[in-house]
Amino acid sequence: MDHIQLDTLYLPVITAIIFVPILAGIVLFIFPEKIKTVKGIISLIIAAPVLYFSYDIFAQKNMAGKVSLMDGITIKSQVINAWLEGVGKYTAINIDNLSKLITLLIGFFGLIIVIYSLVYINKAKGIRNYYPYVLITLGSSFGAVLADNLILFVIFWGILAITCYKLIKGYDEESSAAAKKTLVIIGASDGLMLLGIGIIWKISGSINMSELSITTTDAIRNLAFITLLIASFAKAGAIPFHTWIPDYVKKAPASSSAYLPASLDKLLGIYFLARICNDVFILNQWLTLVIIIIGVSTIIIAVMMALIQHNYKKLLGYHAVSQVGYMVTGLGLGTPLGIIGGLFHMMNHALYKSGLFLVAGSIEKRTGKEDLDDISGLSKAMPLTFLTGLVFALSISGIPPLNGFASKWTIYQGIIDFGKTPGVANQLWIIWLSLAVIGSALTLASFIKFISGAFLGRRREELKNVREVSIAMWFPKVVLALICVGFGVFATNFVIPKTFIPIAGDFQYVGAWNSTTISLLILISIVLGIIIYLAGNIKNFRVDDSFVGGETFREQTGFASTEFYKTISNYKLFSFIYRKAEEKWFDIYDLSKNIILWFNKKISLAHNGVLSNYAIWILAGLIIMLIFLI
Amino acid sequence: MIMEPLIPLYVILPLGAAFLIPVIGRLIKGFQKTITSLVFLFLLGLSIKFIISGINEPLSYRIGGWEPVAGIPIAIYFILDGLSIFMLCIVNLIAFLSGFYAISYIKKFTAENNFYALFSLMVAGMNGVILTGDLFNLFVFLEIAVIASYALVAFGIEKEELEASFKYQVLGGLASLLILFSIGLLYWNTKTLNIADIATIVKTGAYNKILIFSQLVLLAGFGLKAAIIPFHAWLPDAHSSAPSPISSMLSGVLIKAIGIYAIIRLFFNMFAISHEVALTLTTLGVLSMVIGSLLAIGQWDIKRMLAYSSISQVGYIIMGIGIGLLILTTNGNKTIAALSIFGGLFHLVNHAVFKGLLFLSAGAVEHRTGIRDLNKLGGLSGKMPITSSSSLIASLAISGIPPFNGFFSKLVIIIAAIQGQFYWLAGIAIVISIITLAYFLKLQKNTFYGDVKNKIDNIKEVPFTMCFSMIVLAILCVCLSLLIIPGIREAVIEPVVNTLINKANYLLILSEI
């Protein structure tokens with residue numbers, strides 16, 4: 001791609017969208033917690049123009065290229081100039097179609113979350129300095145996406161880990177453990193990235209992503225790739241580095257979950273994956289195979305875990321992992337179709353998953369319950385929440401004509417297309433395809449549980465005072481739901497050609513699919529169905545209580561929809577695996593923790609506090625040194 | 001050679017304060033606090049002035065004004081070059097902040113005069129070690145510093161403190177013995193005690209087994225002071241038992257001033273180092289780094305955890321410097337060696353700041369709750385916002401999370417290790433950094449997160465002087481990151497690296513004798 005020189009007029013804008021939110025966040029720290037609403041409104045005042053400017057950057061079709069943040073700064077002082085000499089190289093940023101798209105999405109989610117939080121984050125949720133961290137997250141995400149220099153990227157990446165840690169309130173043992181786990185895993189990925197960056201610097205003499213094109217031919221180059229891959233997996237939440245997400249979302253406020261693990265972390269993780277797979281490294285076929293295997297196993301394993309969850313936030317958390325599998329698979333294919341599918345799915349996922357978390361937050365706000373077993377029949381009480389939740393649920397399950405279907409369909413096509421070319425991973429395309437489709441079916445299965453559990457059935461007695469949430473909380477959901485529908489309906493005519501083809505290149509669909517036509521057909525069939533229903537059946541419709549195995553139906557009985565899924569967890573082989581999973585046998589965090597603590601025990605045994613032993617160590621150390629060197 | 005009359009102030013002022021405090025402190029209330037704070041603030045300002053004006057060649061001061069006889073230096077020289085001013089700045093910074101912090105903290109002890117007198121004496125010793133150009137004089141100042149620290153560790157005079165101090169004295173005595181023994185050997189071999197003079201003789205001398213022997217004995221002795229594994233066993237007890245401002249001095253600067261500084265100064269500027277010794281030093285550094293952190297992660301006492309973590313972080317510093325030394329001894333790329341040494345020194349100043357801060361905030365927690373056991377603490381973030389946020393900043397900094405200073409020094413060390421093709425060391429450094437993150441988050445989780453335990457329900461933030469020191473250090477944790485900027489690095493740390501790499505620079509002090 002030939003770079004057109006970046007218009008210097010835009011440099012201040014770019015600098016501003018990164019640093020204004022960060023600085024505003026830092027300033028907001030100073031103000032007391034009592035004026036939380038004021039802080040929220042200030043955040044809103046900042047987030048809205050930031051969205052406008054990120055759209056502005058996105059809309060400049062011809063603007064692309066590299067520039068250093070320092071170029072825009074002119075300092076009169078000679079001393080400071082001398083100090084800053086040489087910094088420019090480390091502040092390189094890169095604007096291309098991919099980073100422009102992600103920039104827009106970040107700006108969008110930033111605004112949505114701030115609006116939702118205005119009402120949602122009240123005293124009871126009391127996270128200290130919620131808005132400052134939200135703003136710092138916003139600015140740092142822009143920084144990470146636009147950074148070309150890997151060190152600049154890592155810095156922003158690390159700041160995001162800290163804000164993620166601070167956006168969950170550690171009010172009890174479980175939540176503080178979740179916060180700790182989150183920062184350990186993301187921080188570890190940050191550290192590993194340093195190793196990769198060091199190696200890249202060593203072998204290619206540059207750490208600007210746009211200047212790199214590294215072949216993965218020998219062990220050390222593969223190592224560099226794998227460290228960066230782990231970083232992106234840890235952020236996005238692919239197996240086996242996903243385990244922080246379910247714990248985090250279970251305990252964090254829904255707006256934090258919707259903000260970081262559901263949208264921004266996904267955007268950034270997958271963005272970085274796309275960068276390293278397509279720009280920084282040239283993958284060999286074995287690496288492709290590894291990525292695809294991780295992708296499909298993420299889909300299946302996480303959705304299996306989601307099926308048995310009772311806590312609806314945790315259920316959403318496992319889905320947030322499972323969907324990453326599709327993106328990883330799509331990007332792992334490396335073909336234009338696959339990349340488009342992966343990125344499109346990333347965008348769609350951010351839309352519906354943050355929407356789902358906002359739905360979950362609304363339910364929690366009004367009912368105060370976190371378990372699917374404790375809620376039911378909210379559809380009448382919270383109609384907008386129900387409808388938007390339904391759209392999101394259908395979308396994530398890949399039901400046409402919604403956006404989730406459009407992107408999954410693109411990925412399926414990509415896999416079929418991928419099978420036509422030679423390669424190890426290519427030969428096995430049918431396996432990848434079938435697993436991806438099964439994963440989608442299981443997603444539907446678990447979302448039926450969520451929708452029917454929360455919204456359908458008989459409303460419980462204690463929930464009868466539940467009302468719809470206020471406008472600041474339903475408006476973001478409605479916007480997200482409308483976009484979900486819109487992106488689905490206009491996928492092939494508008495969204496893919498306008499947005500994604502400039503990023504990944506043109507391609508030919510394997511199968512025929514025109515989203516708008518199909519949507520029209522679906523719409524017509526639904527309308528016809530309603531007409532038939534109204535015309536013929538309305539009088540004969542019979543209302544009765546549900547059939548509960550012949551027993552008398554008691555008013556207070558509700559169906560715990562989770563019961564239906566016991567079949568899976570009771571199945572012998574699965575029950576064993578599930579039990580082990582609950583005991584954290586497969587959690588990389590707990591595994592490594594146990595290993596390290598084992599070492600710790602062994603070494604601690606030697607430190608028994610006996611002075612003469614310590615003196616002996618010293619002499620022994622001295623003698624060993626002498627023996628070796630003299 | 002340029003004479004600089006202000007140099008002796010670094011020793012005279014704290015030493016004078018140490019003697020005046022027991023005398024005048026009885027008569028004038030608050031004298032001890034004021035005088036120590038003023039002295040260290042003044043010395044800090046003086047150091048900053050020297051750094052800003054830039055020291056291109058070493059400045060010196062001849063004690064007693066003794067003229068050299070027949071080209072042989074007789075007087076004891078105080079030498080101020082890039083490395084020493086760098087160390088002095090760190091020492092006096094932490095000394096000022098710890099002393100200021102102690103104003104409120106030490107109220108619970110009875111003998112405030114003794115505390116400040118010992119404190120000043122310890123700093124005088126450290127400043128002396130850093131400045132002196134004479135090997136035996138170095139030993140004397142070292143003893144002044146450590147004997148003051150023995151007393152300070154035992155300051156609480158409970159069973160635990162006395163036991164720790166006793167262990168510290170026995171093992172410290174062993175170290176002094178080794179150091180003195182080695183100095184004796186060197187004197188016997190070279191007939192001089194002036195470091196620069198020894199350096200010229202050692203340089204011309206052929207391979208000498210006695211020299212290697214004395215190098216290793218010195219390494220063991222100073223290694224004990226710096227708490228490098230396997231010479232570390234005294235540290236966890238001593239550093240956790242001392243009053244918190246003292247812990248912060250011990251972990252933050254004492255082990256560096258009399259341990260690492262002495263090793264660096266003697267091994268770079270005095271001895272002609274062989275590859276094997278460089279390898280030994282690096283190995284010891286890596287061992288400390290790994291074992292220290294593996295020990296720290298299982299601790300449930302806040303200050304013990306911090307003490308073990310000091311061992312691990314000292315390992316990083318030694319590793320960075322050791323890699324530089326290895327590259328120099330194999331005639332590798334000097335730029336990479338300089339980068340690696342820069343990383344080590346950068347980590348040294350960073351560690352002084354964040355470990356000092358961590359001990360101060362642990363002290364603040366202990367001050368208010370009286371508890372050091374992580375199992376019994378919890379939920380303090382709401383009650384002590386300043387302590388909790390400064391402790392969090394320090395924890396993230398020491399674990400190498402951007403944008404704090406620890407990240408950048410680790411970055412430099414890792415990049416230098418990879419550039420020098422020590423891939424394994426880079427890998428180990430990263431794994432240890434992850435473990436560090438894990439145990440510091442354990443500390444955060446158990447102290448500041450979670451439920452508020454009943455017993456500690458009724459507490460508030462610590463008084464102003466304690467908060468002030470913690471806030472300043474927390475700000476430094478962020479601002480020291482700026483040292484990574486090439487221009488600032490050249491102005492501040494590059495002179496230090498140059499003193500180490502260009503041995504000839506140090507020998508300049510002999511030039512005009």
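The model shown is predicted, which means the values in this text are computed figures rather than measured ones.

Draft legend 1. Spatial organisation of the overall build of chain A. Looking only at helices and strands, chain A features 24 helices and 4 strands. Its C-alpha radius of gyration of 26 Å places chain A within 12% of the 25 Å reference for a compact globule of 630 residues. If you line up chain A on its principal axes, its C-alpha atoms span 100 × 70 × 60 Å. Counting over 630 residues, chain A shows a buried share of 53%. For chain A, contacts bridging at least 24 residues in sequence account for 82% of all contacts bridging at least 6.

Draft legend 2. Spotlight on the overall build of chain B. Broken down by element type, chain B carries 20 helices and 3 strands. Compactness check: chain B gives a C-alpha radius of gyration of 22 Å against a globular reference of 24 Å for 513 residues, within 12% of the reference. The dimensions of chain B, computed from C-alpha atoms along their principal axes, are 75 × 60 × 45 Å. Burial statistics for chain B: of 513 residues in total, 64% are counted as buried. Once local pairs closer than 6 in sequence are excluded, the contacts in chain B between residues at least 24 apart make up 80%.

Draft legend 3. Quick peek at the packing of helix H5 (residues 135–153) of chain B against helix H10 (residues 244–270) of chain B. Residues and elements named next belong to chain B. The geometry of H5 relative to H10 is characterised by a closest axis approach of 12 Å and an angle of 160° between their N-to-C directions. It follows from the interaxial angle that H5 and H10 lie roughly antiparallel. Handedness of the H5/H10 crossing: left-handed. Every residue of H10 that contacts H5 at Leu138, Leu142, Ala145, Val146, Ser149 and Leu152 is listed here: Ile246, Leu250, Leu254, Ile258 and Ala262.

Draft legend 4. Region of interest: the domain arrangement of chain A. Domain boundaries in chain A define domain 1 (1–126 + 128–157) and domain 2 (588–629). Its C-alpha centre places domain 1 of chain A at a distance of 47 Å from the equivalent point of domain 2 of chain A.

Draft legend 5. The arrangement of the confidence of the model for chain B in detail. Mean pLDDT over chain B: 89, with 98% of residues reaching 70 or higher. Per the prediction output, this complex has pTM 0.92; the corresponding ipTM is 0.92.

Draft legend 6. Representation of the pairing of strand E2 (residues 92–95) of chain A in the model. Residues and elements named next belong to chain A. Side-chain alternation along E2 places Ala92 and Asn94 on one buried face and Ile93 and Ile95 on a second face that is also buried. As paired strands, strand E1 (residues 65–68) and E2 are joined by 4 bridges and run antiparallel to one another. Looking at E2, one finds that Val67 is bridged to Ile93.

Draft legend 7. Representation of the interface of chain A and chain B in the model. On the chain B side, the residues contacting the 51 residues of chain A number 53 residues. Elements that contribute at least two residues to the side of chain A that touches chain B include exactly helix H3 (78–84), helix H6 (150–166), helix H7 (173–204), helix H23 (588–606) and helix H24 (611–629) of chain A. Of the residues assigned to the side of chain A that touches chain B, the class counts are 34 nonpolar, 10 polar and 7 charged.

Draft legend 8. Focus on the nonpolar core. If you look at the biggest cluster of nonpolar residues, it comprises 420 residues, and the most contacted ones within it are Val91, Met126, Val129, Ala145, Ile414, Ala429 and Cys477 of chain B. Among the elements that line this core, the one with the most residues is helix H13 (residues 334–369) of chain B, at 20 residues. Summarising the domain contributions, this core has at least three residues from each of domain 1 (1–126 + 128–157) and domain 2 (588–629) of chain A. Apart from the residues within four sequence positions on either side, Met126 of chain B is in contact with Val91, Ala145, Val253, Leu254, Ala257 and Ile258 of chain B.

Draft legend 9. Layout of the environment of Ser322 of chain A. All names here are of chain A. As for its position among the elements, Ser322 is in helix H12 (residues 312–333). Separated by 23 residues in the primary sequence, Ser322 and Ile299 have C-alpha atoms spaced 4.3 Å apart. Here Ser322 is in contact with Thr298, Ile299, Ala302, Val303, Ala306, Gly439 and Thr443, once residues within four sequence places are set aside.

Draft legend 10. A look at the sheet that holds strand E3 (residues 77–80) of chain B. Residue and element names in this part refer to chain B. Ordered in space as E1-E2-E3, the 3 strands form an open sheet in which the pairing is mixed. The open sheet terminates on both sides in strands that have one partner only, identified here as strand E1 (2–3) and E3. In this sheet, strand E2 (residues 59–62) lies alongside E1 in parallel orientation, the contact comprising 2 bridges. Bridging across to E2, Ile2 finds its partner in Leu59.

Draft legend 11. Region of the structure containing helix H16 (residues 423–448) of chain B. The first and last C-alpha atoms of H16 of chain B sit 37 Å apart over 26 residues, in line with the 38 Å expected at 1.5 Å per residue. Of the residues one or two after H16 of chain B, Gly450 of chain B is the one with positive phi, at around 80°.

Draft legend 12. Looking closely at the environment of Ala474 of chain B. Residue and element names in this part refer to chain B. Among the secondary structure elements, Ala474 is positioned in helix H17 (residues 464–479). The class for Ala474 is buried, based on 24 C-beta atoms found within 10 Å. C-alpha separation for the pair Ala474 and Ser60, spaced 414 residues apart in sequence, amounts to 34 Å. Setting aside residues up to four positions removed in sequence, Ala474 forms contacts with Leu357, Ser390, Ile393 and Ala394.

Draft legend 13. Unusual backbone geometry, seen in detail. The step from Ile239 of chain A to Pro240 of chain A runs through a cis peptide bond, and the omega angle for that step is 0°. Each neighbour pair has its own omega, and for Pro402 of chain B with Pro403 of chain B the value is 5°, a cis peptide bond. Backbone geometry places Ala227 of chain B, a non-glycine residue, at a positive phi of 60°. Tracing the backbone through its elements, the reader meets Ala227 of chain B in the loop between helix H8 (209–226) and helix H9 (235–241). Unlike most non-glycine residues, Asn331 of chain B shows phi in positive territory, near 55°.

Draft legend 14. Local environment of H6 of chain A. Relative to the 24 Å expected for 17 residues at 1.5 Å per residue, H6 of chain A spans 24 Å between its end C-alpha atoms, a close match to the ideal helical length. Most of H6 of chain A is tucked away: 17 of the 17 residues are buried.

Draft legend 15. Inspection of the packing of H5 of chain B against helix H6 (residues 159–190) of chain B at higher detail. Residues and elements named next belong to chain B. At their nearest, the axes of H5 and H6 sit 9 Å apart, and the two run at 175° to each other. Classified by the angle between their axes, H5 and H6 sit roughly antiparallel to one another. Contacts between H5 and H6 involve Leu135, Phe136, Phe139, Glu143, Val146, Tyr150 and Val153 from the former and Glu161, Ala164, Ser165, Tyr168, Gln169, Gly172, Ser176, Ile179, Leu180, Ile183 and Leu186 from the latter. A per-class count over the contact of H5 with H6 returns 12 nonpolar, 4 polar and 2 charged.

Draft legend 16. Spotlight on the environment of Gly621 of chain A. Structurally, Gly621 of chain A can be placed in helix H24. The class of Gly621 of chain A is buried, set by 22 C-beta atoms lying within 10 Å. Discounting residues that sit within four places of it in the chain, Gly621 of chain A has contacts with Ala220, Pro230 and Phe231 of chain B.

Rules and cut-offs
- Residues numbered from 1 in each chain as written.
- Chains lettered and ligands numbered in written order.
- Predicted model: local features only at pLDDT ≥ 70, side-chain atom pairs only at ≥ 80, totals over all residues.
- Helix = DSSP H or I, 4+ residues; strand = E, 2+ residues; numbered from the N terminus.
- Rg over C-alpha atoms; globule rule 2.2 N^0.38 Å.
- Buried ≥ 20, exposed ≤ 12 C-beta atoms within 10 Å, placed from the backbone.
- Contact = placed C-beta atoms within 7 Å.
- Axes fitted to C-alpha atoms, helices over the stretch in contact; angles between N-to-C directions.
- Parallel < 35°, antiparallel > 145°, perpendicular 65-115°, else oblique.
- Left-handed = near helix turned anticlockwise from the far one by under 90°.
- Domains from an automatic or database assignment.
- pLDDT = per-residue confidence, 0-100.
- Pairing = 2+ DSSP bridges.
- Nonpolar A, V, L, I, M, F, W, Y, C, P; charged D, E, K, R; others polar.
- Core = buried A, V, L, I, M, F, W, Y, C linked by C-beta atoms within 7 Å.
- Expected span 1.5 Å × (residues − 1).

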